[in-house]
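Residues per chain are reported as follows:
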Amino acid sequence: MAGGNERIMKALKEVWRRAENSLCADCGKPDPDWASSTLGVFICLSCSGIHRNIPSISKVKSLKMDHWDDAQVQFLAKHGNAVTKAMYEAHIPIYYYQPTYNDCHVLREQWIRAKYERREFTEPGKQLPYSDGVKEGILWKRGRDSGQFLPRKFLLSEREGCLKYFTKQDAKEPKINVKIDVINATFQPVKIGNPNGLQITYLKDNKTRNIFVYHESGKEVVDWFNAIRSVQFHYLKVAFPIASDNEIKNRLTRNFLKEGYMEKTGPKQREAFKKRWFTLDHRRLLYFKDPLDAFAKGEVFVGSRENGYSVQKGLPSGTQGNFSWHYGLTIVTPDREYLFTCETETDQLDWITAFTGVINQAMTPQEYASRCLDAVSFPS
């Protein structure tokens, strides 16, 4: 019996060691140590928990702690991540967001359910709930002044190239009407305080505006997210006909590079430092008094090193403003220096890394144009 178990474990390890199985089949996390005995995929611990919630589709077992029999190991050997992904991911729309292990739970769960439970990507040309160019429904939106989440009707239209929302179901005119090409959407469950929380950001008069929404259904809110990406993709295909699909895909919704609290001082660098919430959205550094503010109090463009931008650890000697946090950093631009302090050294180094990544990238022609249009605001 012991010899049989050793043989089975040896065969299991051989399949497990295949290069195709070195990353989680669902989120790409390295070194997965769980597998589905019914789907034949190798997955990480976090994704295994999602699989466990769809037992009619997937039975998961630990590769280290659970017993595997001959038939199960042979099934894994016959399938594995490459074969199974080729089946369940055969026809993913290019605009569909495929989450990684860094993404929130609702995105990963709905990706897994879309693949294996709803089998959304197994057939070419399948009609999907986010692919027909129009979506209408209720989302719970946070009031700008009250802070309460109230149901609001939203309408997304590819034909009109916009996203609208209405304060009442029977309202004739929308409260807002936003062009699809200035919209970003990113999941923010912690900030919003809801596991299905979505932040919709758009530019108005070249200033950033935030809308915070959620839906009780994880599927519905992820469908909204991918519907926005679908409409954006088709809009940009028309606007930029010679651009490749991958180039357009890279211009769809994006996650913020970093968010968190820092202290800042004003342009004279003699004022007291004030605690603010900062968002680094590629080359826009925005700050807010509260993380759920609708409007940024100010923002600054972060350009490239070749255009005179840099980030430095610490504050200039002789800085006079009072500050309570002691891990400083300085953003140098052609116009002025911006001074910040962080609560911990880890925060300081993380922000420096994020800024360095942006500054080391060459600016695109669109970013040059954006820089010329920006009325940079950074009051105290």
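Residues numbered from 1 in each chain as written. Predicted model: local features only at pLDDT ≥ 70, side-chain atom pairs only at ≥ 80, totals over all residues. Heavy atoms only, no water.

Q: Lay out the pairing of strand 9 (residues 198-204) with the relevant residues and their values.
A: Burial of strand 9 is extensive: 5 of the 7 residues sit out of reach of the surface. Two strands pair when backbone bridges link them, and strand 8 (residues 183-187) and strand 9 are joined in this way by 5 bridges, in the antiparallel orientation. Its bridge partner being in strand 9, Phe187 is matched across the sheet by Leu198. With antiparallel pairing between neighbouring strands as the criterion, strand 9 and strand 10 (residues 207-214) make up a hairpin whose turn holds 2 residues, including Asp205 at a positive phi of roughly 55°. (Buried < 20%, exposed > 50% of the residue type's maximum accessible area, 1.4 Å probe, protein only. Helix = DSSP H or I, 4+ residues; strand = E, 2+ residues; numbered from the N terminus. Pairing = 2+ DSSP bridges.)

Q: Can you lay out the domain arrangement of the chain for me, pointing to particular residues and giving the numbers?
A: Taken domain by domain, the chain consists of domain 1 (1-117), domain 2 (134-250) and domain 3 (258-376). Between domain 1 and domain 3, the C-alpha centre-to-centre distance is 42 Å. (Domains from an automatic or database assignment.)

Q: Outline the nonpolar core, supporting the account with residue identities and numerical values.
A: Counting 55 residues, the largest nonpolar core has Ile43, Leu156, Ile183, Phe187 and Leu198 as its most contacted members. Here this core takes 9 residues from helix 7 (residues 218-239), the largest share from any one element. Both domains that furnish three or more residues to this core are identified here as domain 1 (1-117) and domain 2 (134-250). Each residue touching Ile43, except ones within four places of it in the same chain, is listed here: Cys24, Ala25, Asp26, Pro32, Asp33, Trp34, Ala35, Ser48, His51 and Val60. (Core = buried A, V, L, I, M, F, W, Y, C linked by side-chain atoms within 4.5 Å. Contact = heavy atoms within 4.5 Å.)

Q: Explain the packing of aromatic side chains to me, using residue names and the numbers behind them.
A: Enumeration over the complete set of coordinates arrives at 19 aromatic pairs. Measuring from centroid to centroid gives 5.6 Å for Tyr97 and Phe225, while their planes differ by 80°, and the two rings are edge-to-face. One end of the pair, Tyr97, is in the loop between helix 4 (80-88) and helix 5 (105-117); the other, Phe225, is in helix 7, with 128 residues separating them in the sequence. Consider the rings of Phe278 and Tyr287, whose centres lie 5.8 Å apart with planes at 35°: the pair is tilted. Exposure remark for Tyr287: the relative accessible area of 0% places this residue in the buried category. Ring pairs connect the aromatic residues Tyr95, Tyr96, Trp111, Phe121, Tyr130 and Phe233, which therefore count as one cluster. (Phe/Tyr/Trp six-rings, centres within 6.5 Å; stacked < 30°, edge-to-face > 60°.)

Q: Explain the UniProt feature "domain: PH" (unreviewed entry) in the chain residue by residue, including any values.
A: The residues that UniProt annotates with the feature "domain: PH" (unreviewed entry) are residues 132-233 and 255-360. Secondary structure content for residues 132-233 is 20% helix and 46% strand, while the C-alpha to C-alpha distance between its ends is 12 Å. Structurally, residues 255-360 is divided into 14% helix and 38% strand, and its ends, taken at the C-alpha atoms, are 19 Å apart. (UniProt positions renumbered as here; feature names shortened; annotations may be inferred.)

Q: Which residues make up the UniProt feature "domain: Arf-GAP" (unreviewed entry) in the chain, and what values do they have?
A: This chain's UniProt record puts "domain: Arf-GAP" (unreviewed entry) on residues 6-129. Across residues 6-129, the secondary structure splits into 40% helix and 6% strand, with the terminal C-alpha atoms separated by 48 Å.

Q: Describe the sheet that holds strand 11 (residues 258-264), and please don't skip the residues or the numbers.
A: Strands belonging to one sheet form pairs held by backbone hydrogen bonds; the direction of such a pair is parallel or antiparallel. The strand order across the open sheet built from 7 strands is 14-13-12-11-17-16-15, with neighbouring strands paired in antiparallel fashion. The two strands at the open ends of the sheet, each matched to only one other strand, are strand 14 (298-301) and strand 15 (310-313). In this sheet, neighbouring strand axes are inclined to one another by 35° on average, regardless of whether the strands run parallel or antiparallel. Summarising the sheet, strand 12 (residues 274-281) and strand 13 (residues 284-288) pair through 5 bridges and their orientation is antiparallel. Of the residues in strand 13, the one forming a bridge with Thr279 is Leu286. (Axes fitted to C-alpha atoms, helices over the stretch in contact; angles between N-to-C directions.)

Q: Describe the environment of Ile94, with residues and values.
A: Relative to the assigned elements, Ile94 resides in the loop between helix 4 and helix 5. For Ile94, a relative accessible area of 27% gives the class partly exposed. Setting aside residues up to four positions removed in sequence, Ile94 forms contacts with Phe233, Asp245, Asn246 and Lys249.

Q: Describe the environment of Thr186, with residues and values.
A: Within the fold, Thr186 resides in strand 8. Owing to a relative accessible area of 3%, Thr186 belongs among the buried residues under this scheme. Residues Thr186 and Ser37, 149 residues apart in the sequence, show an inter-C-alpha distance of 34 Å. Apart from the residues within four sequence positions on either side, Thr186 is in contact with Leu198, Gln199, Arg254, Asn255 and Phe256.

Q: Provide a residue-level description of the packing of helix 2 (residues 45-52) against helix 5, including the pertinent values.
A: Put simply, helix 2 and helix 5 touch, their axes get as near as 10 Å, and they point 55° apart. The orientation of helix 2 relative to helix 5 falls into the category oblique. Taken as a pair, helix 2 and helix 5 cross one another with a handedness that is right-handed. Counting all contacts with helix 2, which are made through Ser46, Cys47, Ile50 and His51, the residues of helix 5 involved are His105, Arg108, Glu109, Ile112 and Tyr116. Of the residues assigned to the contact of helix 2 with helix 5, the class counts are 4 nonpolar, 3 polar and 2 charged. (Parallel < 35°, antiparallel > 145°, perpendicular 65-115°, else oblique. Left-handed = near helix turned anticlockwise from the far one by under 90°. Nonpolar A, V, L, I, M, F, W, Y, C, P; charged D, E, K, R; others polar.)

Q: Go over unusual backbone geometry, please, and point to the residues and values.
A: The phi dihedral of Asp31 is positive, around 60°, even though this residue is not glycine. Considering the arrangement of structural elements, one finds Asp31 in the loop between helix 1 (2-16) and strand 1 (34-36). Judged by its relative accessible area of 65%, Asp31 is exposed. Despite not being glycine, Arg119 has its phi angle at roughly 50°, a positive value. For Arg119, a relative accessible area of 36% corresponds to the partly exposed category.

Q: Which residues make up the side chain of Arg113, and what values go with them?
A: Within the secondary structure layout, Arg113 lies in helix 5. Owing to a relative accessible area of 15%, Arg113 belongs among the buried residues under this scheme. A distance of 2.9 Å separates the side chain of Arg113 from the side chain of Glu117, its partner in a polar contact. (Polar contact = N/O pair within 3.5 Å; in protein donor to acceptor, adjacent residues only side chain to side chain.)

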